[in-house]
Amino acid sequence: MTATAAAKPDEPADNSSPQASAVSSAGAWSILLAGVLGLVASATLTIEKIEILINPAYVPSCNLNPVVACGSVMTTPQASAFGFPNSLIGIVAFAVVTVTGVLTVAKVPLPRWYWVGMTIGTLLGAAFVHWLIVQSLYRIGALCPYCMVVWVVTISLLVVVASIAFGPAGDGTGGVVVRELHRWRWSIATIWFTAVFLLIVVRFWDYWSTLI
Amino acid sequence: MADKAAKSNRPKYDLNAASRRRDLLVRIGLTSIVVLFAVALVGYIVMSHDKKVAASGARAIRVTSSKLVVKDGTHDPKAVVAFYEDFLCPACGNFERGFGPTVSKLIDNGAIAADYYMTGFLSRPQNQDYSSRAANAAYCVADESIDAFRRFHTALYTKDIQPSETGTSFPDNAKLTELAREAGVVGKVPQCVKDGKYLPMVDGLVVSAGIHATPTVRINGQDYEFSTPEAFVDKIKGIVGDVPGIDSAVTPPAS
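Residues numbered from 1 in each chain as written. Chains lettered and ligands numbered in written order. Predicted model: local features only at pLDDT ≥ 70, side-chain atom pairs only at ≥ 80, totals over all residues.

Scanning chain B from terminus to terminus reveals 9 helices and 5 strands. Seen in sequence order, chain B has helices and strands lined up from the N terminus as α-α-β-β-α-β-α-α-α-α-α-β-β-α. When each of the 255 residues of chain B is scored for burial, the buried share is 34%. Pairs at least 24 apart in sequence give 77% of the contacts found in chain B among residues at least 6 apart. (Helix = DSSP H or I, 4+ residues; strand = E, 2+ residues; numbered from the N terminus. Buried ≥ 20, exposed ≤ 12 C-beta atoms within 10 Å, placed from the backbone. Contact = placed C-beta atoms within 7 Å.)

In structure tokens, the structure reads:
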């Protein structure tokens, strides 16, 4: 049922603008904020990576302690999953997000297919982020603060763009499942973040407990 | 289908401000309950696990000789030297290769009782948790024989056997068992190494002993900044007085 609804964006819907999805101003600003935060984090990681390449003894600004350190994370094979630094993907992707944010804040109507595309892109990003979370926690054994900013931003962004593309506010139709998912979306996200947070606490408890 | 969907949608859009607010509060309330419950549950599990580690305590491997100098009228040694080490840490390797023969001589002379705390300080998945596994094996060996522990401990710090901290290959449990056999014990060691009997204890050692680096040396509970074997011998002499044969440090064989 969901798929049918999504496949017919030109079907006349209840609301006045059938082609464009209505975006609340809170949604628009949060997309812009996500784009800027993600862009800053990706750019910082790229610059730090270049500094390390120039001078292998360089200590990145985010090396705080044995657990919270990006130096050890950035030099791992996982940090260049596709053969080049992951942060380059971030710079390109978050630039698109930032532009989208600017357009929605300016109330430029964007077609439904655009939001579906954004959702697919963000979903791929979120899948990648979760792979990185697993690697960071259980293979590398360290946390990189800028990377964690990207984790939070990407997962939050997925909730925002998916609700614009598929939420009941978009076209007025949709199944009970979609409607309930939309209604509880921030609850699900909150619980999701709590789960990741708790995994981090448990994984590095040996270290955290020395700080207490 | 579309009709049904539209009908089931209607109440959503008919919500007035008051029930919308109630709906929001219900969602926030339920979410908070789930989150708080999860945090409390995990917190409880982690804390109770922590206590178990603390209860299993910091166990030292005490190495002494029959000539041990004790405080008058007691069986307490005059000088207890505690070594907190990690089998992977390069500084521990340098320390053992430099000070090891001198420490060994002081033990044999009866000047000191040595307490070895082998920690899993540097244990990480990318070094295959070598620190913890090697430390566990050391306690397994010490259970069988202290003399074998001394040989095992020295062997693991030789340049040929100690792996590089940033290397890619680390001795596995089979290799550790083999090294224990070469040090002169089998007994329950293979099973003990395989089961990781002392893993929780060695992983908790860093916290329970309150150390921040390895090697850490403490003489009678006081942190000691080591410089040269000669200075170490002088320091011990200051505590136990003249013990036959104490006078000289042992120069480690050139390697």
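Our next topic: the nonpolar core. Core analysis: the biggest nonpolar cluster contains 57 residues, and B:Tyr117, B:Ala138 and B:Val141 have the highest contact counts within it. The element best represented in this core is helix α4 (residues 130-144) of chain B, accounting for 9 residues. Discounting chain neighbours no more than four positions away, the residues touching B:Tyr117 are B:Ala58, B:Ala60, B:Ala82, B:Phe83, B:Tyr84, B:Leu205 and B:Ala209. The next biggest cluster of nonpolar side chains, apart from the first, holds 38 residues, and it includes A:Cys70, A:Val73, A:Tyr146 and A:Val160. (Core = buried A, V, L, I, M, F, W, Y, C linked by C-beta atoms within 7 Å.)

Here the focus is unusual backbone geometry. Cis rather than trans, the peptide bond between B:Thr214 and B:Pro215 has omega equal to -5°. Counting through the fold element by element, B:Pro215 comes out in the loop between α8 (199-209) and β4 (216-219). Positive phi outside glycine occurs at A:Lys107, with the angle close to 60°. Among the structural elements, A:Lys107 can be located in the loop between α4 (86-105) and α5 (112-140). A:Lys107 gets classed as exposed once you count the C-beta atoms within 10 Å, which come to 10.

Let us now look at the packing of helix α2 (residues 25-54) of chain A against α4(A). All names here are of chain A. Between α2 and α4, the shortest axis-to-axis distance is 7 Å and the interhelical angle comes to 155°. Here α2 is positioned roughly antiparallel relative to α4, judged by the angle of their axes. Seen from above, α2 lies across α4 with left-handed handedness. Tallied by class, residues from the contact of α2 with α4 come to 17 nonpolar, 10 polar and 1 charged. (Axes fitted to C-alpha atoms, helices over the stretch in contact; angles between N-to-C directions. Parallel < 35°, antiparallel > 145°, perpendicular 65-115°, else oblique. Left-handed = near helix turned anticlockwise from the far one by under 90°. Nonpolar A, V, L, I, M, F, W, Y, C, P; charged D, E, K, R; others polar.)

Right, let's talk about helix α3 (residues 90-109) of chain B for a bit. All names here are of chain B. Between its terminal C-alpha atoms α3 stretches 28 Å, which fits the 28 Å expected from 20 residues at 1.5 Å a residue. Along α3, the sharpest change in direction is near 55° and occurs at Phe99; proline Pro101 comes one to four residues later. Among the residues of α3, Cys92, Gly93, Glu96, Phe99, Gly100, Thr102, Val103 and Leu106 are the ones counted as buried. Elements that come into contact with the buried residues of α3 comprise β2 (80-85), β3 (113-118), α5 (146-156) and α9 (229-240). Immediately beyond the C-terminal end of α3, within one or two residues, lies Gly110, with a positive phi of roughly 85°. (Expected span 1.5 Å × (residues − 1). Bend = angle between axes of the 7 residues up to and from the residue.)

Residue and element names in this part refer to chain B. Taking burial as the measure, the 6 residues of β3 include 5 buried ones, the bulk of the element. Across 3 bridges, strand β1 (residues 61-63) lies against β3 in antiparallel orientation. Counted as the bridge partner of Val63 is Ala114 from β3. Relative to β3, β2 runs parallel, the two sharing 6 bridges. When the sheet's bridge partners are listed, Glu85 is paired in β3 with Met118. In this fold, the crossover linking β2 to β3 by way of α3 has right-handed handedness. (Pairing = 2+ DSSP bridges. Right-handed = clockwise from strand over helix to strand, strands pointing away.)

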